[in-house]
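Structural description and commentary
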Amino acid sequence: VKHFGVGDVYIMAGQSNMSGNGRDFAIDPPTLGVHLYANSGVWDIATHPLNDGVNTIYPENYEPAPATCPGLSFGRVLKERLNVPIGLIASALGGSPLKAWDIAEDGYLYKAMLRRVNDIKTSVKGIIWYQGCSDANSECCDTYYDRFVRFAEQCRKDLGDIEIITIQLNHWASGITMEGDREWAIVKDAQRRLAQ
C-alpha cells in the first residue's frame, strides 16, 4: 500500500501565488510525512512544483510552467508542530477570479476541487486560500467580502466544518492610478475582516 498515512489533508486553492508562480529561489525541500495529491491523480512526497501539469487528469487547473508556492512550507511547519502527516491537494489556478470558485457565479474550479476530494475519498481538514488579485478591480472589489463568505459557507456545506486559512494579499501600489490602488486595498481589507 502506497501513501496510506497522508494524515490531515488540506486543499491548496486560489490563484497564481498558490498555484506556483513564485520564480524566486526558495529553500523549500521535500519532507517525509508531507505528501501531495498531484494533478496526475497520484499521491507522492510533496515537492515543487506542486501544481505540475504534466500528465494531469484535472485539465481545469492546467498550468504550463509552475514553480514554487507556500503550500509545501505550510505542510512542513504543520507536520512539525502537530506531529502528524500532512496531505496536500493541488487545486489552484493562476489568474482565477473568485467567481471561478463560487458556484453561485460560475464555480468551475470549485467543482474541480470537489472532484479531487471525491477521487481520493477522504475527509479534508481545511483549505489554504491565496487569491484576490483578479478581483482587485472596479467590477469585483466591492463585493469580494460577501462573495467569499458565500464560497466559505458552500465549502463547509460540502466538506464539513473545515478550517479555511486565508493569506492576505501583499502590499501593492501601482503608482499608475489611485483607483487601482484603492481597489487592491478594498480586497485586502475584506480579507482582513474575513479572518475575524
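Okay, so let's go over this structure. Predicted model only: the values in this text are computed from it and were never measured. (Residues numbered from 1 in each chain as written. Predicted model: local features only at pLDDT ≥ 70, side-chain atom pairs only at ≥ 80, totals over all residues. Heavy atoms only, no water.)

Brief notes about the overall build of the chain
- Summing up its helical and strand segments, the chain has 5 helices and 6 strands in all.
- Shown N-terminal to C-terminal, the secondary structure of the chain runs as helices and strands in the order β-α-β-β-α-β-α-β-α-β-α.
- Expressed as a percentage of its 196 residues, the buried residues of the chain come to 47%.
- A separation of at least 24 residues holds for 70% of the contacts in the chain among residues at least 6 apart in sequence.
- Within the structure as shown, the chain displays about 9,800 Å² of accessible surface, and the carbon and sulfur contribution to it stands at 53%. (Helix = DSSP H or I, 4+ residues; strand = E, 2+ residues; numbered from the N terminus. Buried < 20%, exposed > 50% of the residue type's maximum accessible area, 1.4 Å probe, protein only. Contact = heavy atoms within 4.5 Å. Areas by Shrake-Rupley, 256 points an atom, 1.4 Å probe, with all protein chains shown as cover.)

What to know about the side chain of T31
- Mapped onto the fold, T31 is located in the loop between α1 (16–19) and β2 (34–37).
- Excluding residues within four positions of it along the chain, T31 makes contact with I45, A46, R76 and K79.

Examining helix α4 (residues 144–159)
- The terminal C-alpha atoms of α4 lie 22 Å apart, and with 16 residues this matches the ideal 22 Å at 1.5 Å per residue to within 8%.
- Those residues of α4 that sit buried are Y144, R147, F148, F151, A152, Q154, C155 and L159. The arc that holds every buried residue of α4, seen down its axis, measures 160°, which confines them to one face. Facing away from the buried surface of α4 by more than 90 degrees, the exposed residues are D146, E153 and K157.
- Of the residues flanking the end of α4, it is G160, one or two places downstream, whose phi is positive at about 95°. (Expected span 1.5 Å × (residues − 1). Arc of directions from axis to C-beta.)

Considering the sheet that holds strand β4 (residues 86–90)
- Across the sheet, 6 strands lie side by side as β3-β2-β4-β1-β5-β6; this open sheet has mixed pairing. In this open sheet, the two edge strands, each paired with only one partner strand, are β3 (43–45) and β6 (163–166). On average, adjacent strands in this sheet sit at an angle of 25° to one another, irrespective of strand direction.
- The pairing of strand β1 (residues 8–14) with β4 spans 5 bridges and is parallel. (Pairing = 2+ DSSP bridges. Axes fitted to C-alpha atoms, helices over the stretch in contact; angles between N-to-C directions.)

Things to note about the side chain of D135
- Tracing the backbone through its elements, the reader meets D135 in the loop between β5 (126–130) and α4.
- Within the structure, D135 has its side chain in polar contact with the side chain of R147 (distance 2.9 Å).
- Excluding its chain neighbours within four sequence positions, the residues that come into contact with D135 are P97, L98, C140, C141, Y144, R147 and V187. (Polar contact = N/O pair within 3.5 Å; in protein donor to acceptor, adjacent residues only side chain to side chain.)

Here we look at helix α3 (residues 108–120)
- With 13 residues, α3 extends 19 Å from end C-alpha to end C-alpha; this agrees with the ideal 18 Å at 1.5 Å per step.
- Listed as buried for α3 are L109, Y110, A112, M113, L114, R116, V117 and I120.
- Structurally, α3 contributes buried residues whose contacts are with β1, β2, β3, β4, β5 and α4.
- Immediately downstream of α3, the backbone of K121 shows phi near 50°, a positive value.

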